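Structural overview for review
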Amino acid sequence: HTLNLHIFAREGVRLLGRAQDARDGKFYFASDLMENLARSDQFEQELLQRIDRYVESMHLSAPEESLPRLSDGFSAPILTGLDLTTQRITTVIWALGHAFDYSLVRLPVVDDAGFPLSQQGETSFPGLYFCGMPWLPYQKTGLLVGVADHAEWIAGRIAAK
């Protein structure tokens, strides 16, 4: 099955542009959501084409797959600011992709090499967790195949608090 940003939007996830700043209980975002959605759609298309070429070049038997045309995310409003208190937001999931950048977290939470200081992703700061990184707590947690177990553990810790 396909899982992408448009499906998230359809299911009620609020899509936002790139995070730019956080201060005084507010998050600020770039107005680049539509461009990010277009890039995401293009990446998905190119990835499936690469997979199809590999299957063909290896003479593998695989079911025919078609990529559904989804556009739900394009109807999302562009928000450049979000007040966490008035919106009653108590948890922020910050997905960084392939590069680590903790510049918005203005707490002493990384070591000299820039890696998060934590116990299995849980920091000494209440409510601040790291997930989806190699060796937090296992090498596989930095990979798509292994992040789900760690995310479930982190979600359990958050729910328990």
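Structure's up top.
All figures in this text were calculated on a predicted structure; none of them were measured in a lab. (Residues numbered from 1 in each chain as written. Predicted model: local features only at pLDDT ≥ 70, side-chain atom pairs only at ≥ 80, totals over all residues. Heavy atoms only, no water.)

Things to note about the packing of aromatic side chains
Evaluation of the coordinates by the stated rule reveals one aromatic pair. When the centroid spacing of 6.1 Å and the interplanar angle of 15° are considered together, the rings of Phe27 and Phe29 count as stacked. Under the relative-accessibility criterion, Phe27 is labelled buried at 13%. (Phe/Tyr/Trp six-rings, centres within 6.5 Å; stacked < 30°, edge-to-face > 60°. Buried < 20%, exposed > 50% of the residue type's maximum accessible area, 1.4 Å probe, protein only.)

Side note on the sheet that holds strand S3 (residues 81-83)
Taking strand neighbours across the sheet as the criterion, the three strands line up as S1-S2-S3 in an open arrangement whose pairing is antiparallel. Edge positions in the sheet fall to strand S1 (19-23) and S3, since each of these pairs with one other strand and no more. Between one strand and the next, the sheet's axes are offset by a mean angle of 15°, whatever the strand orientation. Note: strand S2 (residues 26-29) against S3, three bridges, orientation antiparallel. If you follow Tyr28 over to S3, its bridge partner there is Gly81. (Pairing = 2+ DSSP bridges. Helix = DSSP H or I, 4+ residues; strand = E, 2+ residues; numbered from the N terminus. Axes fitted to C-alpha atoms, helices over the stretch in contact; angles between N-to-C directions.)

A short note on a negative patch on the surface
Taken together, the side chains of Asp52, Glu56, Glu64 and Glu65 define an acidic patch exposed on the protein surface. Counting through the fold element by element, Asp52 comes out in helix H2 (residues 33-57). (Patch = residues over 30% accessible without salt bridge, like charges linked within 9 Å, V, L, I, M, F, W, Y side chains within 5 Å. Areas by Shrake-Rupley, 256 points an atom, 1.4 Å probe, with all protein chains shown as cover. Salt bridge = Lys/Arg side-chain N within 4 Å of Asp/Glu carboxyl O. Lys, Arg positive; Asp, Glu negative; His and termini not counted. Charge placed at Lys NZ, Arg CZ, Asp CG, Glu CD.)

As for the pattern of salt bridges
Throughout the structure, instances matching the rule amount to seven salt bridges. Asp21 serves as the salt-bridge partner of Arg106, at 3.2 Å between the closest nitrogen and oxygen. Separated by 85 residues along the polypeptide, Arg106 in the loop between S3 and helix H3 (144-160) and Asp21 in strand S1 bring together distant segments of the chain. A relative accessible area of 16% places Asp21 in the buried class. Counted as one network, the salt bridges with shared partners bring together Asp21, Arg23 and Arg106.

Things to note about the nonpolar core
Ranked by size, the top nonpolar core spans seven residues in total: Tyr102, Val105, Val109, Leu128, Phe130, Met133 and Leu136. Non-local contacts of Met133, meaning those with residues more than four positions away in its chain, are made with Phe100, Tyr102, Phe115, Pro116, Tyr138, Thr141 and Gly142. Membership of the second largest hydrophobic core comes to five residues, among which are Ala22, Phe29, Leu82 and Leu84. (Core = buried A, V, L, I, M, F, W, Y, C linked by side-chain atoms within 4.5 Å. Contact = heavy atoms within 4.5 Å.)

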